[in-house]
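Analysis of the macromolecular model
Listed below are the residues making up each chain.
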Amino acid sequence: MAVEQNRRDFLGFAFGGVAAVGGAFALGAMKRSWDPLPSVAAAGFTTIDLSPMQDGEFRTFEWRKKPIFVLKKTKSMAKNELRDITVSDAQYTVVIGLCTHLGCIPSWDGSSEMFKCACHGGQFDASAVNTFGPPPRPMDIPPYKIDGTKLVLGEEGPEYKKFLEASKA
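Quick caveat, the model's predicted, so the values are computed rather than measured.

Some details on the pattern of salt bridges
Under the defined criterion, the tally for this structure stands at 8 salt bridges. Aspartate 35 is paired through a salt bridge with lysine 31; the nearest N and O atoms lie 2.8 Å apart. Classification of aspartate 35 as partly exposed rests on a relative accessible area of 35%. Salt-bridge contacts for lysine 73 lead to aspartate 84; the nearest nitrogen and oxygen are separated by 3.0 Å. Residue lysine 73 is located in the loop between strand S3 (66-72) and strand S4 (85-87), and its partner aspartate 84 is located in the loop between S3 and S4; the two are separated by 11 residues in the primary sequence.

Topic: the packing of aromatic side chains
The geometry of an aromatic ring pair is captured by the separation of the ring centres together with the interplanar angle, meaning the angle of the planes. Evaluation of the coordinates by the stated rule reveals 7 aromatic pairs. On the numbers, 5.9 Å between centres and 65° between planes, the contact of phenylalanine 58 with phenylalanine 115 is edge-to-face. Here phenylalanine 115 lies in strand S7 (residues 114-116) and phenylalanine 58 lies in strand S2 (residues 58-63), a separation of 57 residues in the sequence. Residue classification places phenylalanine 115 among the buried residues on the basis of a relative accessible area of 0%. Relative to phenylalanine 163, the ring of tyrosine 160 lies with its centre 5.9 Å away and its plane at 40°, an arrangement referred to as tilted. Taken together, the residues tyrosine 160 and phenylalanine 163, both in helix H3 (residues 158-168) and 3 residues apart, mark about one turn of the helix.

Let's talk about the sheet that holds S7
The strand order S6-S7-S8-S9 describes an open sheet built from 4 strands, whose pairing is antiparallel. Each end of this open sheet is capped by a strand with a single partner; those strands are strand S6 (107-109) and strand S9 (130-132). As paired strands, S6 and S7 are joined by 3 bridges and run antiparallel to one another. Bridge pairing in S7 places aspartate 109 opposite methionine 114.

Re the environment of leucine 153
Among the structural elements, leucine 153 can be located in strand S11 (residues 150-153). Separated by 11 residues in the primary sequence, leucine 153 and proline 142 have C-alpha atoms spaced 6.7 Å apart. Contact partners of leucine 153, with chain neighbours within four places excluded, come to Gly44, Phe45, Thr46, Ile48, Trp63, Ile68, Val94, Pro142, Pro143 and Tyr144.

Structural notes on the environment of aspartate 89
Checked against the element boundaries, aspartate 89 lands in the loop between S4 and strand S5 (90-96). For the pair aspartate 89 and phenylalanine 10, spaced 79 residues apart in sequence, the C-alpha to C-alpha distance is 76 Å.

Topic: the pairing of S5
For S5, the buried fraction is high: 7 of the 7 residues fall into the buried class. Side chains Ala90, Tyr92, Val94 and Ile96 project from S5 onto one buried face, and the interleaved Gln91, Thr93 and Val95 project onto a second face that is buried too. Judged from the 5 bridges that link them, S3 and S5 form a sheet pairing that is antiparallel. Along S5, the bridge assignment pairs leucine 71 with threonine 93. One ladder, built from 3 bridges, connects S4 with S5; its direction is antiparallel. Residue pairing in the sheet places threonine 86 in a bridge with glutamine 91 of S5.

So, how was this worked out
- Residues numbered from 1 in each chain as written.
- Predicted model: local features only at pLDDT ≥ 70, side-chain atom pairs only at ≥ 80, totals over all residues.
- Heavy atoms only, no water.
- Salt bridge = Lys/Arg side-chain N within 4 Å of Asp/Glu carboxyl O.
- Buried < 20%, exposed > 50% of the residue type's maximum accessible area, 1.4 Å probe, protein only.
- Helix = DSSP H or I, 4+ residues; strand = E, 2+ residues; numbered from the N terminus.
- Phe/Tyr/Trp six-rings, centres within 6.5 Å; stacked < 30°, edge-to-face > 60°.
- Pairing = 2+ DSSP bridges.
- Contact = heavy atoms within 4.5 Å.

Next up, the structure:
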């Protein structure tokens, strides 16, 4: 009978070991399925080099499938201390290029120095502040961090945190 008990114990330990290893593999597979794909994780940040931009130049970039408007302001354009981003003594407007009324994409009109939304006649000045029409508020500023002459979108740097504090006041 002692032999029978030892065999039963061995089978129990063997089954328990196989179940533990199988459970560990199952938990590992579940964790990998919960992690974001590398392509999704990489899409969270976009780096924009601002150094080649000329005064008055307007460019459009993409960040998280949204248009990002970057405008390097000229000396004659009105400055907005709260919304403008200063990089190497140059002023930039960096906004998510969606109208705050219905989400349309405004266009930049360089002759009038205005962002104009064709859908409902909304207008924004060079700092993307609503000046006319139905848009209820200025265009949104994406989270950013300044890294030398580069702008990293998707990361909250000290400049962006200061902007958030100033906009709440």
